[in-house]
Amino acid sequence: MTTRYITTPIYYLNGEPHLGHVYTTIAADVLARYWRLTGAKVKFLVGTDEHGQKVAQAAYAAGESPTTYVDRMSKLFVDMTHKINASNDVFIRTTETRHHEAAQALWKKLVQAGQIYESTYAGWYAVRDEAYIEESEIVEGKAPSGAEVEWMEESSYFFRLSEWERPLLDYYEENPGAIAPVSRRNEVLSFIKGGLRDLSISRTKFTWGISVPDNPQHVMYVWIDALTNYITALGYPNIESKEFKEYWPESLHLIGKDILRFHAVYWPAFLMAAGLRPPKRIFAHGWLTCEGEKMSKSLGNVVDPFKLIETYGLDPVRYFLMREIPFGQDGTYSDMALIQRINSDLANDLGNLVQRVLSFIHKNVGAHLPEPHEILGVDQEILAKAAHLHDLLRDDMEIQALQAYCQHIWEVVAVANRYVDSQKPWALKKSSDPQDRLRMQTVLYVLAEVIRHIAIYVQPLMPESASKILDQLGQKERSFKDLKTPLKSGTSLNEPQPIFPRVEKEKGE
Ligand code: ME8
Ligand code: MG
């Protein structure tokens, strides 16, 4: 059986969830739902990154102990998963005991492998990025991200990252699909080729973290702790378990490009050093921007996703985020663009197609799916287009081309709307020729079959709306393999209801 392991980043708790977090989580959810519909066994992981200086500072700023603070804040992210209808199987928190155990086990493994030594770190650190910054990277006194840096000098354990330059380059050479998109892969390769220095992996100036085994003066650097979450959730250190063996080789880490280096350089090096294989694939998407700047908690220029959902509905927001921005590139959020998509793609194109076809059937052929009579060339053509979606969409999903996934479905929506216009079921209905009545039934059957295909493929994007369409079509069998069985004539249809209302422009103002 095919398995898939899909993860989002675990989010820092220094602020409330914003549209950026929602974006990655929805994308991962669309993938997870898609693969489940193919019959694959899927594990989909979301969670929160609760340790480190940045979170500790946010706790103190809120006047709370870190423990109280993270318990409260983590709930907001769990809530986010519910509000966006994310189908994650697990929600992991790095403050859980199982995670402390896993992170310490990984550490010990690295010690045994001779990959960790003690020394002193003297250099720059950006708390906002939780990253060590090289002198050469400093731009006008700041980190490349624009974050403030501070000088740090403390006793620290180091990981022998410098030894992994060659193995990483070899690995990426042999596995060209391991980092996507290609621009991100190139970025990683040139970073590695620029030379890797050993990495400081512990801190002594604060205590909010996982203790280093055998030396509780030190807490682990938050990134080694955080990255381990992906294997904690599979039961690490038990690597012989069915869970670990089934899922780890099929791992896909979905991340934003801001955290590419941690995932594509440090993480695979830690894993290889511990005798494990790197994640199968890392896909780094672009940023949602606001006036050209990355939307971020630290910058305070974020869009509140829950207000959007309240105003426009969840499914339209889910669809918009996947359809509007080529997955992998940056994109700007705007209310106008969202309203435009809702009114054109959802209300006019898909909504209208479903509404006019299903209400026509309801009114004119007694609320039962009609029987097809003679299937003509035009019918065959549109049915073939719907059937071909299977392969097209699979190829899209295999490379996380989420925008293309939407476009391919909507091409068939457009074909179906043109078919309604050219076959004119309303004119066939008015005709006194009995042949025309039969032809009308065929046309309606073909349309219902095409709508069924569309709705089944729309499920990962807009689970609730797709479900309503399938309810109206009287369909209980909704996975991709069910598309192989033709639609049954005579199935009784439920009362059609409009699914995608238009939005007046004023709403966005
Ligand atoms: O980096 N556009 O957590 P984080 C698109 N805890 N995506 C965005 C975004 C934006 N403007 N802003 C945030 C961390 N994201 C670490 C991760 S993983 C082992 C540890 C999304 O709260 C995007 O996925 O800063 C980005 O990578 C992630 O949120 C960063 O979330
Ligand atoms: Mg961040």
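As a reminder, the structure under discussion sits directly above these lines.
A quick note: this is a predicted structure, and the numbers were derived from the prediction, not measured.

Draft legend 1. Seen up close, the overall build of the protein chain. Across its full length, the protein chain carries 18 helices and 16 strands. Its C-alpha atoms give the protein chain a radius of gyration of 26 Å, within 12% of the compact-globule value 23 Å for 509 residues. In terms of principal-axis extent, the alpha carbons of the protein chain reach across some 90 × 50 × 40 Å. Split into buried and exposed, the 509 residues of the protein chain put 58% on the buried side. For the protein chain, the centre of its 56 positive side-chain charges and the centre of its 66 negative side-chain charges are spaced 5 Å apart.

Draft legend 2. Broad picture of helix α5 (residues 165-174). All of the buried residues along α5 are Leu168, Leu169, Tyr171 and Tyr172. Looking down the long axis of α5, one finds its buried residues gathered within 160° of arc, a one-sided arrangement. Exposed and facing more than 90 degrees away from the buried side of α5 are Arg166, Glu173 and Glu174. Looking at the packing, one finds that the buried side of α5 touches β7 (179-180), α6 (182-193), α10 (260-273) and β13 (281-285).

Draft legend 3. Structural view of the pattern of salt bridges. Scanning all chains against the criterion turns up 29 salt bridges. Its salt-bridge partner being Arg93, residue Glu50 comes within 2.7 Å of it at the nearest N-O pair. With Glu50 in the loop between β2 (41-49) and α2 (53-61) and Arg93 in strand β3 (residues 90-93), this residue pair connects regions lying 43 residues apart in the sequence. Neither residue differs from the other here; Glu50 and Arg93 are each classed as buried. With its nearest N and O atoms 3.8 Å apart, the salt bridge here joins Lys205 to Glu154. Pair noted here: Lys205 is in the loop between β9 (202-203) and β10 (211-212) and Glu154 is in strand β6 (residues 150-159), with a separation of 51 residues, a long-range link. On the basis of relative accessible area, Lys205 is assigned to the exposed category, the value being 57%.

Draft legend 4. Main features of the sheet that holds strand β8 (residues 199-200). Spatially, 4 strands are ordered β5-β4-β6-β8 in an open sheet, and the strand pairing comes out antiparallel. Edge positions in the sheet fall to β5 (131-133) and β8, since each of these pairs with one other strand and no more.

Draft legend 5. Just the packing of aromatic side chains, in detail. Within the structure shown, the criterion is met by 26 aromatic pairs. Measuring from ring centre to ring centre gives 5.9 Å for Tyr11 and Phe77, while their planes differ by 25°; the resulting arrangement is stacked. Of this pair, Tyr11 sits in strand β1 (residues 3-12) while Phe77 is found in helix α3 (residues 66-83), placing the two residues 66 residues apart along the sequence. Where Phe262 meets Tyr266, the ring centres are 5.5 Å apart and the plane angle is 85°; that geometry is what we call edge-to-face. Here Tyr266 and Phe262 lie together in helix α10, a separation of 4 residues that amounts to about one turn. Overall, the relative accessible area of 8% leaves Phe262 in the buried class. By relative accessible area, which is 8% here, Tyr266 ends up buried.

Draft legend 6. Examining the site of ligand 1 more closely. Taken together, 25 residues surround ligand 1, and among them Ile10, Thr24, Asp49, Leu288 and Met295 come closest. A distance of 3.0 Å separates an oxygen atom of ligand 1 from a polar backbone atom of Gly256. Across the complex, the protein chains shield 97% of the 670 Å² of accessible surface that ligand 1 would expose by itself. Every element with two or more residues in the shell around ligand 1 is listed here: β1, α1 (19-37), α7 (222-227) and α8 (229-232). The greatest single-element share of the shell around ligand 1, amounting to 4 residues, is contributed by β1. Among the residues making up the shell around ligand 1, the classes are represented as 12 nonpolar, 9 polar and 4 charged.

Draft legend 7. Unusual backbone geometry, seen in detail. Following Ala180, the chain continues to Pro181 via a peptide bond in cis, the omega torsion being -10°. Look at the link from Tyr236 to Pro237: it is a cis peptide, with omega at 10°. Among the structural elements, Pro237 can be located in the loop between α8 and α9 (242-247).

Draft legend 8. View of the environment of Tyr221. Tracing the sequence through the fold places Tyr221 in the loop between β11 (215-220) and α7. By relative accessible area, which is 1% here, Tyr221 ends up buried. Between the C-alpha atom of Tyr221 and that of Ser202, which follows or precedes it by 19 residues, the distance is 4.5 Å. Not counting chain neighbours up to four residues away, the residues in contact with Tyr221 comprise Tyr125, Glu130, Ala131, Tyr132, Ser200, Ile201, Ser202 and Phe262.

Draft legend 9. Seen up close, the nonpolar core. The biggest cluster of nonpolar side chains holds 187 residues, and the ones touching the most others in it are Tyr172, Ile201, Tyr221, Met322, Trp410 and Leu461. Viewed by domain, this core spans two of them, domain 1 (3-286) and domain 2 (335-508), each represented by three or more residues. Once residues within four sequence positions are removed from consideration, Trp410 is found in contact with Tyr319, Asp345, Leu346, Asp349, Leu350, Val458, Leu461 and Met462.

Draft legend 10. Representation of α6. Look at α6: 16 Å from first C-alpha to last across 12 residues, which is about the 16 Å you get at 1.5 Å a residue. Among all positions of α6, only Arg184, Arg185, Val188, Leu189 and Ile192 are buried. In a view along the axis of α6, the buried residues occupy a sector of 135°, so they form one face of it. Buried residues belonging to α6 abut α5, β7, α10 and β13. Note on α6: the residue one or two positions beyond its end, Gly195, has a positive phi of about 105°.

Rules used in this analysis
- Residues numbered from 1 in each chain as written.
- Chains lettered and ligands numbered in written order.
- Predicted model: local features only at pLDDT ≥ 70, side-chain atom pairs only at ≥ 80, totals over all residues.
- Heavy atoms only, no water.
- Helix = DSSP H or I, 4+ residues; strand = E, 2+ residues; numbered from the N terminus.
- Rg over C-alpha atoms; globule rule 2.2 N^0.38 Å.
- Buried < 20%, exposed > 50% of the residue type's maximum accessible area, 1.4 Å probe, protein only.
- Lys, Arg positive; Asp, Glu negative; His and termini not counted.
- Charge placed at Lys NZ, Arg CZ, Asp CG, Glu CD.
- Arc of directions from axis to C-beta.
- Contact = heavy atoms within 4.5 Å.
- Salt bridge = Lys/Arg side-chain N within 4 Å of Asp/Glu carboxyl O.
- Pairing = 2+ DSSP bridges.
- Phe/Tyr/Trp six-rings, centres within 6.5 Å; stacked < 30°, edge-to-face > 60°.
- Near = heavy atom within 4 Å.
- Polar contact = N/O pair within 3.5 Å; in protein donor to acceptor, adjacent residues only side chain to side chain.
- Areas by Shrake-Rupley, 256 points an atom, 1.4 Å probe, with all protein chains shown as cover.
- Nonpolar A, V, L, I, M, F, W, Y, C, P; charged D, E, K, R; others polar.
- Core = buried A, V, L, I, M, F, W, Y, C linked by side-chain atoms within 4.5 Å.
- Domains from an automatic or database assignment.
- Expected span 1.5 Å × (residues − 1).

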